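Listed below are the residues making up each chain.
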Amino acid sequence: SLLAKLHQGKQNKLTEKFFSGVRLGFAWAGSAAELASHAAALVVVDEVDRMEPTAEGDPVSLALARTSTFPDGRVILVSTPTLDGASPIWARWHWPCPHCGAYFMPSFDLLRWPDKATPAEARRRAVVVCPHCGVEIEDRHRHAMNENGLYLAPGQAVMDGRIVGPAPDNDTASFWVSGLASPWRTFGRAAQLWLEAHQSGDPARRQAVKNTVFGELWAMKGDAPDWDKV
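Report follows, based on the coordinates. (Residues numbered from 1 in each chain as written. Predicted model: local features only at pLDDT ≥ 70, side-chain atom pairs only at ≥ 80, totals over all residues. Heavy atoms only, no water.)

### A word on the overall build of the protein
In terms of helices and strands, the protein carries 7 helices and 13 strands. In summary, the protein has a C-alpha radius of gyration of 22 Å against a globular reference of 17 Å for 230 residues, an excess of more than 25%. Seen along its three principal axes, the alpha-carbon backbone of the protein occupies a region of about 70 × 50 × 45 Å. Within the span of the protein, comprising 230 residues, buried residues form 30% of the whole. Summarising the internal contacts of the protein: among those between residues at least 6 apart in sequence, 62% fall at separations of at least 24. Accessible area of the protein: about 15,100 Å², with a carbon and sulfur share of 54%. (Helix = DSSP H or I, 4+ residues; strand = E, 2+ residues; numbered from the N terminus. Rg over C-alpha atoms; globule rule 2.2 N^0.38 Å. Buried < 20%, exposed > 50% of the residue type's maximum accessible area, 1.4 Å probe, protein only. Contact = heavy atoms within 4.5 Å. Areas by Shrake-Rupley, 256 points an atom, 1.4 Å probe, with all protein chains shown as cover.)

As structure tokens, this is what we get:
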């Protein structure tokens, strides 16, 4: 009816929507009042690493408190990594090598391009090297490796098609995927972006590529002496 539509229009605001009586609310990390306004059975927090404390404390803790009135409340924390020293990741995406079949975790240090290559040359010739057999893996293999990929926690391995090893003794499920597994960016494009950032000499640009293109933490470097000397 027209009355029902008018009522629904009043309910649906910029930061609040209702679907069959279920509330979907939007809040931002800088507002403690928004984070604490409503109880919720499911809370999704995006870009955790980039959040600053509010006047009432940690925004993630405030968001977690929204589920306290629900015995089966769930929280999903999502983030692009930023600086080294962030929360540990338990389950990491692993690929099966198309040559030897062994599973490995794709990462920036396995990406290779010719010595002294320009960014454009790196885009055409970049490959990933299997840490087990040392054979180069081309970008054309990426789709098949993703199709057969698995999440493995530290200490776990794949034997005879089964995951073996201890599972994390924790009620929090945590997952990490390398940017090299992205279906929207080739190995070559990732190498090109890194070389361009590296050659710029700008540490902030290098960090941005390491965080957003590869999905890996950035280690700050300075003039501090080694820890053992301290």
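### Thoughts on the environment of Leu-150
For Leu-150, the location among the structural elements is in strand β10 (residues 150–152). Considered as a pair, Leu-150 and Arg-92 are 58 residues apart in the sequence and their alpha carbons are 8.0 Å apart. Every residue in contact with Leu-150, bar those within four places of it in the chain, is listed here: Arg-92, Trp-93, His-94, Tyr-103, Val-158 and Ile-163.

### Things to note about the environment of Ile-76
Residue placement: Ile-76 occurs in strand β4 (residues 74–78). Look at Ile-76 and you get partly exposed, because its relative accessible area is 41%. With 110 residues separating them in the primary sequence, Ile-76 and Thr-186 have C-alpha atoms 28 Å apart. Ignoring sequence-local partners within four residues, the contact set of Ile-76 consists of Leu-42, Val-43, Val-44 and Val-45.

### Some thoughts on the packing of helix α6 (residues 187–200) against helix α7 (residues 203–212)
One can describe the packing of α6 onto α7 by two numbers: an axis separation of 8 Å at closest approach and a directional angle of 160 degrees. When the interaxial angle is binned, α6 and α7 end up roughly antiparallel. As α6 packs across α7, the resulting crossing turns out to be left-handed. Every residue of α7 that contacts α6 at Leu-193, Trp-194, Glu-196, Ala-197, His-198 and Ser-200 is listed here: Arg-205, Arg-206, Val-209 and Lys-210. Classifying every residue of the contact of α6 with α7 by side-chain character gives 4 nonpolar, 2 polar and 4 charged. (Axes fitted to C-alpha atoms, helices over the stretch in contact; angles between N-to-C directions. Parallel < 35°, antiparallel > 145°, perpendicular 65-115°, else oblique. Left-handed = near helix turned anticlockwise from the far one by under 90°. Nonpolar A, V, L, I, M, F, W, Y, C, P; charged D, E, K, R; others polar.)

### Topic: the pattern of salt bridges
For the structure shown, the criterion picks out 3 salt bridges. Between Arg-140 and Glu-138 there is a salt bridge, and its shortest N-O distance comes to 2.7 Å. Here Arg-140 falls in the exposed class, since its relative accessible area comes to 63%. By relative accessible area, which is 39% here, Glu-138 ends up partly exposed. (Salt bridge = Lys/Arg side-chain N within 4 Å of Asp/Glu carboxyl O.)

### Section: the environment of Tyr-151
Within the secondary structure layout, Tyr-151 lies in strand β10. Tyr-151 gets classed as partly exposed once you look at its relative accessible area, which sits at 32%. Placed 59 residues apart in sequence, Tyr-151 and Arg-92 show a C-alpha to C-alpha distance of 5.1 Å. Residues contacting Tyr-151, with those up to four places away along its chain left out, are Ala-91, Arg-92, Trp-93, Gln-156, Ile-163, Phe-175, Trp-176 and Val-177.

### So, α6
The end-to-end C-alpha distance of α6, which contains 14 residues, comes to 20 Å, matching closely the 20 Å that a straight helix rising 1.5 Å per residue would cover. All buried positions along α6 are accounted for by Phe-187, Gly-188, Ala-190, Ala-191, Gln-192, Leu-193, Trp-194, Leu-195 and Ala-197. Once α6 ends, the next one or two residues include Gly-201, with phi positive near 75 degrees. (Expected span 1.5 Å × (residues − 1).)

### A closer look at α7
For an α-helix, the turn length of 3.6 residues means that residues three or four places apart are oriented alike. Taken together, the buried positions of α7 are Gln-207, Val-209, Lys-210 and Asn-211. In the core, the buried residues of α7 are packed alongside α6. With a side-chain oxygen positioned 3.0 Å from the backbone nitrogen of Ala-204, the residue opening α7 is Asp-202. (Polar contact = N/O pair within 3.5 Å; in protein donor to acceptor, adjacent residues only side chain to side chain.)

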